[in-house]
Every structure is written in C-alpha cells, then in structure tokens.
Amino acid sequence: MAGVGRLVDLLLFYTLERVLFNRMVCSMSKTPQLVKRSIALWLMLGEIGHHDLIRTIHSYDNNAIDILFDEALCCLECIQPDATEPTEAEDDARLFITLFDEPVNRRFFYYNKEFMYKRYEHIMETVCEKIFGQNAAIEVDESGAWPVLARQFGEEYSSTNQYSNLNPNAPEFNPGQTPEDSRTMFLTFSKGHPLSRQEIVQFFTSNWGGVVQDVVIEQSRTGRDPQFGRIVFKSSLVIPLVLNGQTKAKFLVNGKHLWVRIYVPRLRRGRKTW
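Residues numbered from 1 in each chain as written. Predicted model: local features only at pLDDT ≥ 70, side-chain atom pairs only at ≥ 80, totals over all residues. Heavy atoms only, no water.

An unreviewed UniProt entry annotates the protein chain as RRM domain-containing protein originating from Tripterygium wilfordii.

This is the structure:
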C-alpha cells in the first residue's frame, strides 16, 4: 500500500497537469501520447527556472495552447539524440514568445539537448507515465486514498489490476540531481551580441571571487554567433548570491545582455495544486 500512497501524493501534486492533459485530449482532440510528451517538456522547462508554466499555459485559450503544443513538439525534435543542428532560418523563429521574456529558439534546445533529453526522459518515466492514462489522466477517488481512471472519459477502473505491478518497497519519488547539475547555470546571450568565455569568467570573478569551475559556450558548425552557454561553479552556494532571491538574473556585461538561470528539481519546490 505504501506504493499506492506515493502515487496518490504524486497525483495530487500534479493536479493542474492532469486537468490540462484532459483538456487538451478531450476538448481539443489532441493525441494523448503527444500531449504527454509536450507536458513533459513543459515540466522540464520548469526545472530550469521557467516557473508556473503549466498554470500559465492552462490560463490561455485553446488557440494559444494549440500554438504552444506545436512549438513543444518542435523543441522535442531538437533534443533527440540524433537531432540535427537547426538552420539559420529556424533560429530566427522565437519560441514560447508569450511565456518567456528572453530569447529562446530551437538552437537553445539543440545546444542543451544532452541535459534536456535526460531530464525529459526522467520526467516521462517518473511523472507522466504514472499520472496520465491512455485516454485521460489518472484521478483520485473521493476519499483521496486511491488512484482511479477518470470514469467521465469512458475508461474502466479496476482496483485489483490497475496498479498490481506497483512495488510497495520502491524508493520515495525524488527526481534528484547530480552534484554538477546543482552547481550549473544556463546562460543566454542576445542574438548578435555574444559573450566570450573570458568575459563571463571575468564578470563572475570580479563580482563573487574565484567561484567559476568551468564555462562552456556553444560552437555552431555553421559559424553563427553563439547564443547559449553554461557555467559550472565550484560551490552551489554561489547560485543564491547570483540570483539574489529571483528565479533568474539578467546582467549587462561589457554592454551586452546576459540571462542566467538555474536547474531546480520540481518536487523540491512547494506549489499549490488547485
């Protein structure tokens, strides 16, 4: 029963995600598996500092959600292990423009594809495959003690076989993160105004001392100016100083804009679920 209890907690935590899934599948006639994948991508973006994406997306009308859904599927193509580098024309198209106030395009996903695909796969396995059924989200019964399939969408429920494969001795649900992930921040530059590795190291060193372990800047095969990078600090304690209580930070470095944000495991943040 312990495994079922953990699943109920998971369902309650992701209540809004389940509502959005049912809306997109049942009201907007989207393919359930593609909706599951798009929500996994949005949850992954939430982990890198784009907070409350699901709540924001759910507040939009169906036409806006339809556009964001198509953009999410495009982004998923860019993080696949066999993805090809986006063309310059694709780079010119801003993505999620109603959600983000910083430049985001296909190249952002392609450059970070290793990290993003790993997190996307983890979210699919530990969240989306558990909270979404074949044609509707998994619900919690009126007592709040047992997961059921949503009857209002025509799916059958059997308490004897639906979750018979749950392991009651399974470890607690926890996305976790590697030590380097907890010390890493994502960097974004304005298009046409990139920063060099030396400029970035000098900026952080001049403000917070010798805190930088490594800086990696994207290298485009087509010779285009870099737009994205990552910085790894020697200690995770530097990150709160950089963010200064915010979810992201924007700096002016040698007259050029620099956006900085951190990866944060979703379940380590509290969030209401109405």
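Q: Help me understand the overall build of the protein chain, please; the structure alone is not making it clear to me.
A: The number of helices and strands found in the protein chain is 10 helices and seven strands. When contacts within the protein chain are restricted to residue pairs at least 6 apart in sequence, those whose partners lie at least 24 apart make up 72%. (Helix = DSSP H or I, 4+ residues; strand = E, 2+ residues; numbered from the N terminus. Contact = heavy atoms within 4.5 Å.)

Q: Could you clarify how one ought to interpret the environment of P86 in this entry?
A: Here P86 lies in the loop between α5 (62-79) and α6 (88-91). The exposure class of P86 is buried, given its relative accessible area of 4%. Note: C-alpha distance between P86 and N105 (19 residues apart in sequence) is 9.3 Å. (Buried < 20%, exposed > 50% of the residue type's maximum accessible area, 1.4 Å probe, protein only.)

Q: Is there a simple way to explain the sheet that holds strand β3 (residues 184-189) in this structure?
A: By way of backbone hydrogen bonds, the strands of a sheet pair with one another, either parallel or antiparallel. One open sheet accounts for five strands, arranged β4-β5-β3-β7-β6; its pairing is antiparallel. Where the open sheet ends on each side, the last strands, each with one partner, are β4 (212-217) and β6 (248-253). If you compare each strand with its neighbour and ignore which way they point, the axes differ by 25 degrees on average. (Pairing = 2+ DSSP bridges. Axes fitted to C-alpha atoms, helices over the stretch in contact; angles between N-to-C directions.)

Q: Just to check I follow, could you spell out the nonpolar core for this structure?
A: Inside soluble globular proteins, nonpolar side chains tend to come together where they are buried. Among the nonpolar cores identified, the biggest contains 56 residues, and L41, W42, L45, F96 and F109 are the most heavily contacted of them. Those elements that place two or more of their residues in this core are α1 (2-13), α2 (15-27), α3 (32-47), α4 (53-58), α5, α7 (106-111), α8 (113-131) and β1 (138-140). When near neighbours in sequence (up to four residues on either side) are disregarded, F96 contacts L41, W42, L45, L68, E71, A72, C75 and F109. Counting residues in hydrophobic clusters, the runner-up holds 23 residues, among them I231, I239, V253 and V260. (Core = buried A, V, L, I, M, F, W, Y, C linked by side-chain atoms within 4.5 Å.)

Q: Is there a simple way to explain the packing of aromatic side chains in this structure?
A: Here the distance between the centres and the angle between the planes together describe a pair of aromatic rings. Going through the model one piece at a time under the given rule, you end up with 13 aromatic pairs. When the ring of F203 is compared with that of F204, the centres are 5.3 Å apart and the planes differ by 85 degrees; the resulting orientation is edge-to-face. When sorted by exposure, F203 lands in the same class as F204, which is buried. Among the aromatic side chains, those forming a connected cluster through ring pairs are F203, F204, W208, F233 and F251. (Phe/Tyr/Trp six-rings, centres within 6.5 Å; stacked < 30°, edge-to-face > 60°.)

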